[in-house]
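Next come the chains, spelled out residue by residue.
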Amino acid sequence: MAVLQKIRKRSGLLLIVIGFSLFAFVIGGLFENGGLNQASKDVGSINGKDVPFEAFRIKVANMEKGGQGTTTTQAANQLWDQEVAIALLSAEFEKLGLRAGEKHIVENFKNDPNIGQNPAFLNELGKFDLKKFKEYFKSNPEQALALKDREKDAELNAKYQMYASLIKGGMYTTNADGKFKYELEANKTSFDYVVALYSSVKDSDIKVTDEDYLNYMQKHEKRFKSDGTREIEYVLVEDKPSKKDEDEVKTKINALLVGGLVYNDETKENDTVPSFKNASNVAEFVSANSDIPYDSTYVSKQDLPAEHAEALFNLPAGEVYGPYMNGKYYSISKAMGRKSGAKAKASHILISWEGTQVPNKKEKRTKEQAKAKADGLLAQALAAPGNFAILALTNSDDSSAQQGGDLGVFGPGQMVKPFNDFVFNNPVGKIGLVESEFGYHIINVTDKQDAIRLATVAQKIIPSEQTTNEAFTKATKFEMDAANKDFAAVAKAAGLTVSPSVKAKPMDENFGTVGNQRQIVKWAYSDDTNIGDVKRFEITNVGHVIAKLKKVNEKGLMTVEEAKPMIESIVKNEKKAEKLIAKMKGSSLEAIAKANATTVQQAVDVTVDNATLANVGVEQKVVGTAFGTAINKVSAPIQGNTGVFVVKTKSVVKAPKIADYSAYVNKLKGNAGQAAGRVIPALKNDAKIEDNRLEFY
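Just so you know, the residues in each chain are numbered from 1, in the order the chain's sequence is written. It should be noted that, the model being predicted, local features are given only for residues of pLDDT at least 70 and side-chain atom pairs only at 80 or more, the latter also being counted only at that level, while totals for whole chains, interfaces and linings use all residues. Hydrogen atoms and water are omitted, and side-chain values are computed over all heavy atoms in the structure.

### Examining unusual backbone geometry
Here the residue pair G322 and P323 is connected by a cis peptide bond, since its omega of 5 degrees sits within 30 degrees of zero. With respect to the element layout, P323 can be found in strand 8 (residues 320-326). Not every positive phi belongs to a glycine, and N541 is a case in point at roughly 65 degrees. Structurally, N541 is set in the loop between strand 14 (534-539) and strand 15 (543-553). Look at N615: it is not a glycine, yet its phi comes out positive at around 65 degrees. Helix numbers and strand numbers start at the N terminus; a helix is a DSSP run of H or I with at least 4 residues, a strand a run of E with at least 2. Take N615: it is sitting in the loop between strand 18 (612-613) and strand 19 (617-618).

As structure tokens, this is what we get:
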């Protein structure tokens, strides 16, 4: 996307809402207590430290109020993860004695573009001015109170940055590590081998029991932890329009095409209605007969329903098209006019400077430096227009750089004024330079498109009251019939389909094909709900879900059924390996190959770092064994990724020593930067966490 939604006009400068990268805190002003009459409890605890529900509730409310469609459950889940991370990290910070002073806090503030690039806090050179920053909040007490709360977040982030630096520093890569990496890449071995592939053993020739799966899971217990699940099967009785409902809407729309007498439900009399084509006041006609208001704007072809776009776009003025289906609407459209060049398409290169509200600038520069660079790029673009996309990709400060500066199609008034005026006042192919609040734009007008204005009468096909009542009756009857009976059999008798079972975790809200249905998940986890219980849930604009609690999987180790898709091939291969190893015996590779109806193969100059065997795949364990086996000696059977191997090493060539291993040290150093990201999962594995969210959400 382009800067601030394709450089669209802003409604005003909002002052400072800080979003930190580590935890994405959403903390606002205090709300008055209310809403819940429930006594305040702890929403959970982390290593013995309680998380009070009331404080947690306020944060959840604030995150919901922050918008972007965040539901209560989503907010509770995100904030709980934050609470856990903060508690675990804070304990580590305390152990290490980490402290953050004013300098650290200010640096964190400056890193936020809402502060660090806010014109209110910049000096004449476009640099952050701490004095102006302090003076502003001194003269704005209310903002100062809000900032005080943010300081705690900034302090925490500052400590995290120190902590991450310590971890990165602790992941020191030595010259010996670089030497080892070099040897993994450069030491070579050649060997002969025999492989008996797992695929050579039929699944039917082995027996894998639930105990085998369980044993594997217990050996790798941390990988198969589960918060517990509830298995719920369900039937959906849709509240959707019947054929009769569809026909009624179609009859109404068809009547509007010809006009005539129409019965008025309110006056109980017949009204004379003109045809859509002959209506003298089209806007009034649409308002009186359509479920979608009259829209007088011009639209391009690409904005029209794809299936009908060609016919609608080329419809002569005054003519009517339809009826036609557009989603759930039965529609007729009348052509009201056409405008040339009503839509435009352009590409741009944005060159910003310190002080403009543009994140992720490619480089720091003053306004004068930006102008000089923009002038230079303009000259290049004018000299070679075909290179515009490359110039944008390598120079533009806008995210559209990844698309070669392409901003797509837009209409008048959608871009900031200087940009808008240049594009709509110049022909296709024109390249020029304008200045806006975002920086300097080198603009290439790439297309102009005609647009049309349509008047559309659209009536939504919805279930009638009778249809809705029939769906309710059917769902209610099924709920009663299914109680304590075979769910699938009752569904079949009713002509309904049982949907695949949902395995719901305690804080899930999405439910099968019907989306956000937290109420069903909460019901399944209620102490009053038992296995086999059936309940009907009415879902607005969807219909009715009749759910049955099928199974309860308690917290702890996953069930075999849950883990099986992840480990089935691994456990089966272990069983196959047992059979294959028993056959991999003989005095020579040739004898072993003959016993297994296969051939001796060769691997030439392979390394541990690139342990790919032709026609087999990556087999580091096999290659590693070849390095460690004496020359011309046959190894013991090796359980590899694709089968069981036996190798006979022919040669091992040690790489020559080199004077400088720094290139290999640097390769390993790249991994150190990711170490901090693995800290929280590691801390959680060893933490004692009690999660009571289910009691509240």
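### Details of the side chain of N420
Relative to the assigned elements, N420 resides in helix 15 (residues 417-424). Residues contacting N420, with those up to four places away along its chain left out, are G411, P412, G413, Q414 and M415. Residues are treated as being in contact if the distance between any of their heavy atoms lies within 4.5 Å.

### Section: a negative patch on the surface
Residues form patches when they are more than 30% accessible in relative terms and have no salt bridge. Like charges link within 9 Å. Nonpolar side chains (Val, Leu, Ile, Met, Phe, Trp, Tyr) link within 5 Å. Using a 1.4 Å probe, the Shrake-Rupley method yields the accessible areas, and only the shown protein chains count as cover for residues. For this document, the term salt bridge refers to a Lys or Arg side-chain nitrogen within 4 Å of an Asp or Glu carboxyl oxygen. Positive charges are assigned to Lys and Arg, negative charges to Asp and Glu, while His and the chain termini are left out of the count. Charge coordinates come from a single atom per side chain, which is NZ of Lys, CZ of Arg, CG of Asp or CD of Glu. A surface patch of like charges, here negative, comprises D42, D50, D527, D528, E690 and E695. As for its placement among the helices and strands, D42 is situated in strand 1 (residues 42-46). Accessible area is worked out with a 1.4 Å probe on protein chains only. A residue is then buried under 20% of its type maximum, exposed over 50%, and partly exposed in between. Looking at D42, the relative accessible area reads 31%, which means it is partly exposed.

### Some points on the pairing of strand 12 (residues 439-460)
Pairing analysis gives 19 bridges linking strand 9 (residues 329-351) to strand 12, with the strands arranged antiparallel. Across the sheet, A335 pairs through a bridge with L454, a residue of strand 12. A pair of strands is labelled paired if DSSP reports no fewer than 2 bridges between them. Taken together, the six bridges between strand 11 (residues 431-436) and strand 12 define a ladder with antiparallel strand orientation. When the bridges of strand 12 are listed, S436 appears paired with G439. In sequence, strand 11 turns back onto strand 12 through a hairpin of two residues.

### Observations regarding the nonpolar core
V43, I46, F56, V60, W80 and Y697 are the most contacted members of the largest nonpolar core, which has 18 residues in total. Residue assignment for this core shows that the elements contributing at least two residues are strand 1, helix 2 (53-65) and helix 3 (72-96). Element by element, the count of residues in this core is highest for helix 3, at seven residues. When neighbours within four sequence positions are excluded, Y697 is seen to be in contact with V43, F53, F56, R57, V60, T72, A76, M507, R518 and K522. Put simply, a nonpolar core is a bunch of buried Ala, Val, Leu, Ile, Met, Phe, Trp, Tyr and Cys residues held in one set by side-chain atoms that sit within 4.5 Å of each other.

### Thoughts on the pattern of salt bridges
With the rule as written, the count across this model stands at 34 salt bridges. Between E155 and K159 there is a salt bridge, with the nearest N and O atoms lying 3.6 Å from each other. Separated by four residues within a single helix, E155 and K159 lie in helix 7 (residues 141-170), roughly one turn from each other. Among the charged side chains, a network of salt bridges with common partners joins K181, E185, D609 and K667.

### Structural notes on the sheet that holds strand 13 (residues 498-504)
Taken in spatial order, the four strands line up as 13-5-15-14 in an open sheet, and their pairing is antiparallel. Each having just a single partner strand, strand 13 and strand 14 make up the two edges of the open sheet. The average angle at which neighbouring strand axes cross in this sheet is 30 degrees, direction not considered. For strand 5 (residues 229-238) and strand 15, the ladder comprises ten bridges, and the chain directions are antiparallel. For Y234, the partnering residue across the bridge sits in strand 15 and is A547. Where helix 16 (residues 465-482) meets the sheet, its contacts fall on strand 5, strand 14 and strand 15, and the angle it forms with strand 14 comes to roughly 165 degrees. Under this scheme, a helix contributes an axis fitted over its contacting stretch, all axes are lines through C-alpha atoms, and angles between N-to-C directions fall in the 0 to 180 degree range.

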